[in-house]
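Coordinate analysis (summary)
This is what each chain is made of:
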Amino acid sequence: MSEKNKLSLSVQYPDTRLETLITRPKIRRWVQAALFAPAELTIRFVDAEEGRDLNRDYREKDYATNVLTFAYNEGEAELADDEPTRADIILCTDVLEKEAAEQQKSVEEHTAHLIVHGVLHAQGYDHMDDEEATEMEGLETEILAKLGITDPYKE
């Protein structure tokens, strides 16, 4: 989680609703906080229709979800020292805003959490079993605390 990791970041807002609130400098800060190695990432904000299409086409789940991570060099054995993590992280604005309201969190804090979550996925972290979930949630909580954001798992 070093500020020194090289980052190539593209931010796309085909759904423009969060463009003025969730700015590129904020996103860069959140991404850098969760990076363990160099990365080439695209963060894309989409509406429910595009989110649903992507989730259905790539995960065979016919609904929009909050965040999708497409890690392109996931599963490769050790990456070379100069080989960056490559991924697209898709955030669905509709789901993100709905969840933030339901969880009584700000959209900004919830977005930061989902971006950190997506960046960890891009680097090979997962939550398919209890042990992995505990490790990933612990990392998320630690990273978010360093960013001044409260524990998203605290009830």
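Parameters at a glance
Residues numbered from 1 in each chain as written. Predicted model: local features only at pLDDT ≥ 70, side-chain atom pairs only at ≥ 80, totals over all residues. Heavy atoms only, no water. Patch = residues over 30% accessible without salt bridge, like charges linked within 9 Å, V, L, I, M, F, W, Y side chains within 5 Å. Areas by Shrake-Rupley, 256 points an atom, 1.4 Å probe, with all protein chains shown as cover. Salt bridge = Lys/Arg side-chain N within 4 Å of Asp/Glu carboxyl O. Lys, Arg positive; Asp, Glu negative; His and termini not counted. Charge placed at Lys NZ, Arg CZ, Asp CG, Glu CD. Helix = DSSP H or I, 4+ residues; strand = E, 2+ residues; numbered from the N terminus. Buried < 20%, exposed > 50% of the residue type's maximum accessible area, 1.4 Å probe, protein only. Phe/Tyr/Trp six-rings, centres within 6.5 Å; stacked < 30°, edge-to-face > 60°. Pairing = 2+ DSSP bridges. Axes fitted to C-alpha atoms, helices over the stretch in contact; angles between N-to-C directions. Contact = heavy atoms within 4.5 Å.

The next thing to look at is a negative patch on the surface. Taken together, the side chains of Asp 129, Asp 130, Glu 131, Glu 132 and Glu 135 make up a negatively charged region of the molecular surface. Along the polypeptide, Glu 132 turns up in helix H5 (residues 130-146). By relative accessible area, Glu 132 is classed as partly exposed at 31%.

Considering all chains together, one arrives at three aromatic pairs under this definition. Relative to Tyr 125, the ring of Phe 36 has its centre 5.9 Å away and its plane inclined at 40 degrees; by these criteria the two rings are tilted. Here Tyr 125 lies in the loop between helix H4 (107-122) and H5 and Phe 36 lies in the loop between helix H1 (24-34) and strand S2 (39-46), a separation of 89 residues in the sequence. Of the residues examined, Phe 36 reaches a relative accessible area of 33% and is grouped as partly exposed. Consider the rings of Tyr 58 and Phe 70, whose centres lie 5.2 Å apart with planes at 75 degrees: the pair is edge-to-face. Residue Tyr 58 is found in helix H2 (residues 48-59), and its partner Phe 70 is found in strand S3 (residues 67-71); the two are separated by twelve residues along the sequence. For Tyr 58, a relative accessible area of 58% translates into the label exposed. You can call Phe 70 buried: its relative accessible area is 17%.

A few words on the sheet that holds S2. Pairing is mixed across the open sheet formed by four strands, whose spatial order is S1-S2-S4-S3. Both edges of this open sheet fall to strand S1 (7-12) and S3, since each of them pairs with a single strand only. Across the sheet, the mean angle separating the axes of adjacent strands is 15 degrees when strand polarity is ignored. Where H2 meets the sheet, its contacts fall on S2, S3 and strand S4 (85-92), and the angle it forms with S3 comes to roughly 50 degrees. Each of S2 and S4 touches helix H3 (residues 93-102); the most contacted strand, S4, lies at about 65 degrees to it.

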